[in-house]
Amino acid sequence: MCRFCHTILKDHNLATKQPFHQLAQKKSFPPSAVLHNTVRCMFIQTQDTPNPNSLKFIPGKEVLESRTMEFSTPAAAFCSPLARQLFRIEGVKSVFFGPDFITITKESEDLDWNLLKPDIYATIMDFFASGLPVVTEEAPRTDTAPSEEDDEVVLMIKELLDTRIRPTVQEDGGDVIYKGFEDGIVQLKLQGSCTSCPSSIITLKNGIQNMLQFYIPEVEGVEQVVDDDDDVEKEANST
């Protein structure tokens, strides 16, 4: 179970409405890699996620400021030189950028992370040494920023997502993006390590849905939204 749901189910005191962000506990990082050459030294930490096929890499440098981006296919990485380089590593299925981390999802559980890590470390180190931008100006915005078209309920949903839900999901190497609100149902897209995580349904129902319903009575439920590429992948996996 992801830490978001564990905190919701075990620690969150709904009676007192204790701020959720005060309950999130940061994980300690296991030893990782210190990469050296004659010019530079870069320490890259790794952190496990609830998804065994996803691993979080922390380069110790800003990746995407305050936003996140997911690249589920090599074609989707057209606007990111770093994502394109990472997709060239055999076994990399998807790439996710957070404010200060990179989540890599491998193609299957059969692949050994110990075989993938050296190439991922080297790619990240070489990229940051190059001085190139992580994403170009073509990169689309995928955040939950308020807009003039939002009504009061949608503004409350977005604020709760940004202040109490997304920070904790990002700690686990993923993110949740607001996609819409219709007939009492909040439409959300899970990204990063959450995309193919076995506990993603628990995250939605026992974690996010419970919190949104508690603070916003107009919310009747949540549902996961998937892109066309995700639909194709799920159909392929089910056949």
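Residues numbered from 1 in each chain as written. Predicted model: local features only at pLDDT ≥ 70, side-chain atom pairs only at ≥ 80, totals over all residues. Heavy atoms only, no water.

K.L.:
Would you mind showing me how to read the packing of aromatic side chains here?
P.N.:
Both the distance between ring centres and the angle between the ring planes are used here to describe each pair of aromatic rings. Under the defined criterion, the tally for this structure stands at five aromatic pairs. Here the aromatic rings of Phe-57 and Tyr-121 are separated by 5.8 Å at their centres, their planes lie at 75°, and the arrangement is edge-to-face. Of this pair, Phe-57 sits in strand β3 (residues 54–58) while Tyr-121 sits in helix α3 (residues 113–130), and the two are 64 residues apart along the sequence. Here the two residues Phe-57 and Tyr-121 agree in accessibility, since each one is buried. Ring centres 5.9 Å apart and planes at 80° place the aromatic pair Phe-127 and Phe-128 in the edge-to-face group. Classification of Phe-128 by relative accessible area gives buried; the value is 18%. (Phe/Tyr/Trp six-rings, centres within 6.5 Å; stacked < 30°, edge-to-face > 60°. Helix = DSSP H or I, 4+ residues; strand = E, 2+ residues; numbered from the N terminus. Buried < 20%, exposed > 50% of the residue type's maximum accessible area, 1.4 Å probe, protein only.)

K.L.:
What is the right way to look at the sheet that holds strand β9 (residues 221–224) in this model?
P.N.:
Whether parallel or antiparallel, the strands of a sheet pair through hydrogen bonds between backbone atoms. Strands sit in the order β7-β8-β9 across an open sheet of three strands; the sheet is mixed. The sheet is open, and its two edges are formed by β7 (174–182) and β9, each paired on a single side. Pairs of neighbouring strands in the sheet enclose a mean axial angle of 30°, with direction left out of account. Where β7 lies against strand β8 (residues 185–192), eight bridges are found, and the strand directions are antiparallel. Across the sheet, residue Tyr-178 finds its bridge partner in β8, namely Leu-188. Together, β7, β8 and β9 form the strand contacts of helix α5 (residues 200–215), whose direction differs from that of β9 by roughly 145°. (Pairing = 2+ DSSP bridges. Axes fitted to C-alpha atoms, helices over the stretch in contact; angles between N-to-C directions. Contact = heavy atoms within 4.5 Å.)

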